[in-house]
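Listed below are the residues making up each chain.
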Amino acid sequence: ATVALRQRLESELEDIRGAGTWKSERVIVSRQGPHLRLAGGGAGILNFCANNYLGLSSHPEVIRAAVEALEKFGAGLSSVRFICGTQSIHKDLEEKIAHFHQREDAILYASCFDANAGIFEALLTPEDAVLSDELNHASIIDGIRLCKANKYRYKHMDMQDLETKLQDAQKHRLRLVATDGAFSMDGDIAPLREICQLAQKYDALVFIDECHATGFLGPNGRGTDELLGVMDKVTIINSTLGKALGGAAGGYTTGPKPLIDLLRQRSRPYLFSNSLPPAVVGCASKALDLLMESNAIAQSMAAKTQRFRSKMTAAGFTISGKDHPICPVMLGDARLAAVMAEDMLNRGIYVIGFSYPVVPKGKARIRVQISAVHSDEDIDRCVEAFTEVGRKHGAL
Ligand code: PLP
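Everything numeric here is computed off the predicted structure, so don't read it as measured data. (Residues numbered from 1 in each chain as written. Predicted model: local features only at pLDDT ≥ 70, side-chain atom pairs only at ≥ 80, totals over all residues. Heavy atoms only, no water.)

**Student:** Mind showing me how you'd approach the overall build of the protein here?
**Tutor:** Each helix and strand counted, the protein has 15 helices and 16 strands in total. Computed over the C-alpha atoms, the radius of gyration of the protein is 22 Å, within 12% of the 21 Å expected from 2.2 N^0.38 for a compact globule of 396 residues. With respect to the principal axes defined by its C-alpha atoms, the protein has extents near 60 × 60 × 55 Å. Within the protein, the proportion of its 396 residues that are buried is 52%. Summing over all exposed atoms, the protein offers an accessible surface of approximately 18000 Å²; the carbon and sulfur share of this is 51%. (Helix = DSSP H or I, 4+ residues; strand = E, 2+ residues; numbered from the N terminus. Rg over C-alpha atoms; globule rule 2.2 N^0.38 Å. Buried < 20%, exposed > 50% of the residue type's maximum accessible area, 1.4 Å probe, protein only. Areas by Shrake-Rupley, 256 points an atom, 1.4 Å probe, with all protein chains shown as cover.)

The following block contains the structure:
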């Protein structure tokens, strides 16, 4: 059986290579940050492909907070939360998250993938309905698969289609509209105002995944709901501690207290997986303190994003999305995206090309992500390299 398995796996791997969708991993031998050192000698590489939007992954105060939490509370809990895995720092962080989002309560998970895997099944029954944007993150799709509610998938950000589906779903007890706040492949932002209006009209609840929004969208970095003025209309937020909020790991749900209480009783990734390690809790907690003290970091990221988007557009590139630090440089052709990304790395700029099946056919792109810790010179060097490489390969 092992030999047969090996043959089947080899053939599957060959198919992946043949389809050109093989994902390889570049090995970094330094901290996460705007400048990286790669294994094999690549030093001083400019990094434009991390979700480290605020540069907090290597912030000295964030690292110090992690070390202090490690010293005081140990390496880990060797337990799930409800057996003997809850420390005061877990409760403090949950309170801080709820306060940050102006919600009643919050619950921590090992990741936002887990938060998304755990919420739909715990909340929705066959009497209910969930309406999901077709381009929602894989973890929302998987979470919805696990629940027994009636499932509706509406066209990406298409409010007419959502309304039709909401009308159809009126027969169910409860309706939950689920959307990413910001979509990571296109850098586009969900039309939350319109979604909330429809939700009100058809008596539905709104759930948003804020992984690419928490900490930096909106005047105080609260997220898409703050940016679009609907903080009081969105009922449930799931987000990550693994991107802008220090970048270590962890996720959470924040919303009404009875919902959070129910998740503590019913949500399987919460009940059956280890507590967040103290060092990770320390990082996220400090990141939130820094953001609640001042919105200067988030503002500086917005200015850098504006610089990159306007210079690239002036150079002749098409950048998808609007005002978001995810800046997809649209190229169309999959091979062009791959060779240009490789050539960018030869010039010391680390960016990644995405093509089918990660994005639709004919919509290949290089996704650039801006961070508050990029300097203006870093941004300008990236634009210059894109211009050179784009001219060389006929993209401009
Ligand atoms: N939701 C979205 C929109 C994401 O982009 C990601 C991560 O890529 C996740 C959820 C999962 O987050 P985590 O890394 O905390 O599991």
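So, next bit.
**Student:** For this particular structure, what's the right way to read the environment of Asp133?
**Tutor:** With respect to the element layout, Asp133 can be found in strand β4 (residues 129-133). On the basis of relative accessibility, which here comes to 1%, the residue Asp133 falls in the buried class. Counting along the chain gives 45 residues from Asp133 to Ala178, while the straight-line C-alpha distance between them is 6.8 Å. Within polar-contact distance, the side chain of Asp133 engages the side chain of His156 at 3.0 Å. (Polar contact = N/O pair within 3.5 Å; in protein donor to acceptor, adjacent residues only side chain to side chain.)

**Student:** Help me understand the environment of Tyr350 in this model?
**Tutor:** Along the polypeptide, Tyr350 turns up in strand β14 (residues 349-350). Aside from chain neighbours lying at most four places away, what touches Tyr350 is Arg26, Leu36, Ile45, Leu46, Asn47, Phe48, Cys49 and Leu345. (Contact = heavy atoms within 4.5 Å.)

**Student:** Help me out: how do you make sense of the packing of helix α4 (residues 88-101) against helix α12 (residues 278-293) in this one?
**Tutor:** Think of two packed helices as two axes; the pair is described by the angle between the axes and how far apart they sit. Relative orientation of the contacting elements α4 and α12 amounts to 30 degrees, with a least axis distance of 10 Å. Classified by the interaxial angle, the pair formed by α4 and α12 is roughly parallel. Here α4 runs over α12; the crossing is left-handed. The segment α4 lies against α12, with Ile89, His90, Leu93, Lys96, Ile97, His99 and Phe100 engaging Pro278, Val281, Ala284, Ser285, Leu288, Asp289, Leu291 and Met292. Looking at side-chain class alone, the contact of α4 with α12 contains ten nonpolar, three polar and two charged residues. (Axes fitted to C-alpha atoms, helices over the stretch in contact; angles between N-to-C directions. Parallel < 35°, antiparallel > 145°, perpendicular 65-115°, else oblique. Left-handed = near helix turned anticlockwise from the far one by under 90°. Nonpolar A, V, L, I, M, F, W, Y, C, P; charged D, E, K, R; others polar.)

**Student:** Sorry if this is basic, but what is going on with the domain arrangement of the protein here?
**Tutor:** Reports of interface size often rely on the accessible area that becomes lost once the parts have come together. Per the domain assignment, the segments making up the protein are domain 1 (19-48 + 296-393) and domain 2 (60-293). On the domain 2 side, the residues contacting the 17 residues of domain 1 number 14 residues. With both sides pooled, the region where domain 1 packs onto domain 2 buries about 1200 Å², and carbon together with sulfur makes up 62% of that total. At the boundary of domain 1 and domain 2, one finds one salt bridge. The salt bridge partner of Asp186 is Arg365, with a shortest N-O separation of 2.8 Å. Taken together, domain 1 and domain 2 are joined by six residue pairs in polar contact (both at pLDDT 80 or more). Secondary-structure elements contributing two or more residues to the side of domain 1 that touches domain 2 are α13 (296-315), β13 (326-332) and β16 (364-369). At four residues, α13 tops the list of elements feeding residues into the side of domain 1 that touches domain 2. For the side of domain 1 that touches domain 2, a count of residues per class yields eight nonpolar, four polar and five charged. (Domains from an automatic or database assignment. Buried area = accessible area lost by both parts, 1.4 Å probe. Salt bridge = Lys/Arg side-chain N within 4 Å of Asp/Glu carboxyl O.)

**Student:** How should the sheet that holds strand β12 (residues 318-319) be read in this particular structure?
**Tutor:** Either a parallel or an antiparallel arrangement is found when strands of a sheet pair, and the pairing is made through backbone hydrogen bonds. Pairing within the open sheet is antiparallel, and its four strands lie in the order β12-β13-β16-β15. The open sheet terminates on both sides in strands that have one partner only, identified here as β12 and β15 (352-354). Where β12 and β13 come together, two bridges link them in antiparallel fashion. Each residue of the ladder has a partner; that of Thr318, found in β13, is Met330. (Pairing = 2+ DSSP bridges.)

**Student:** Looking at this structure, how should I read the pattern of salt bridges?
**Tutor:** Opposite charge on two side chains lets them pair, provided their charged atoms get close. For the structure shown, the criterion picks out 25 salt bridges. Between Lys257 and Asp261 there is a salt bridge, with its nearest N and O atoms 3.0 Å apart. You can see Lys257 and its partner Asp261 sitting in helix α10 (residues 257-266), four residues apart, about one turn around the helix. Lys257 sits in the partly exposed class, given a relative accessible area of 39%. Exposure remark for Asp261: the relative accessible area of 32% places this residue in the partly exposed category. Here the salt bridges do not stand alone but share partners, grouping Arg81, Lys91, Glu94 and Arg264 into one network.

**Student:** I'm lost on helix α8 (residues 192-201) in this one. Help?
**Tutor:** Among the residues of α8, Leu192, Ile195, Cys196, Leu198 and Ala199 are the ones counted as buried. The buried side chains of α8 occupy one side of the element, clustering within an arc of 160 degrees when seen end-on. Pointing more than 90 degrees away from the buried face of α8 are the exposed residues Gln197, Gln200 and Lys201. On its buried face, α8 is in contact with β5 (150-154), α7 (159-168), β6 (175-180), β9 (205-209) and α9 (224-227). (Arc of directions from axis to C-beta.)

**Student:** So what exactly am I meant to see when it comes to the site of the ligand here?
**Tutor:** Not every one of the 13 residues close to the ligand is listed here, only the nearest: Cys112, Asp209, His212, Thr240 and Lys243. Between the ligand and Cys112, the relevant distance is 2.8 Å, taken from an oxygen atom to a main-chain nitrogen or oxygen of the residue. The separation between a nitrogen atom of the ligand and a polar side-chain atom of His137 is 3.5 Å. With three residues, helix α5 (residues 112-123) is the largest single contributor of residues to the shell around the ligand. (Near = heavy atom within 4 Å.)

**Student:** It is not clear to me how the sheet that holds strand β3 (residues 105-109) should be interpreted in this structure. Could you clarify?
**Tutor:** Taking strand neighbours across the sheet as the criterion, the seven strands line up as β3-β11-β10-β9-β6-β4-β5 in an open arrangement whose pairing is mixed. Of all strands in the sheet, those with a lone pairing partner are β3 and β5, marking the two edges. Strand-to-strand twist in this sheet, taken as the mean axis angle between neighbours without regard to direction, amounts to 20 degrees. Two strands pair when backbone bridges link them, and β4 and β6 are joined in this way by four bridges, in the parallel orientation. Directly across from Ser132, in β6, lies its bridge partner Ala178. Packing of α10 onto the sheet brings it into contact with β3, β10 (236-240) and β11 (251-255), and relative to β3 it is tilted by some 30 degrees.

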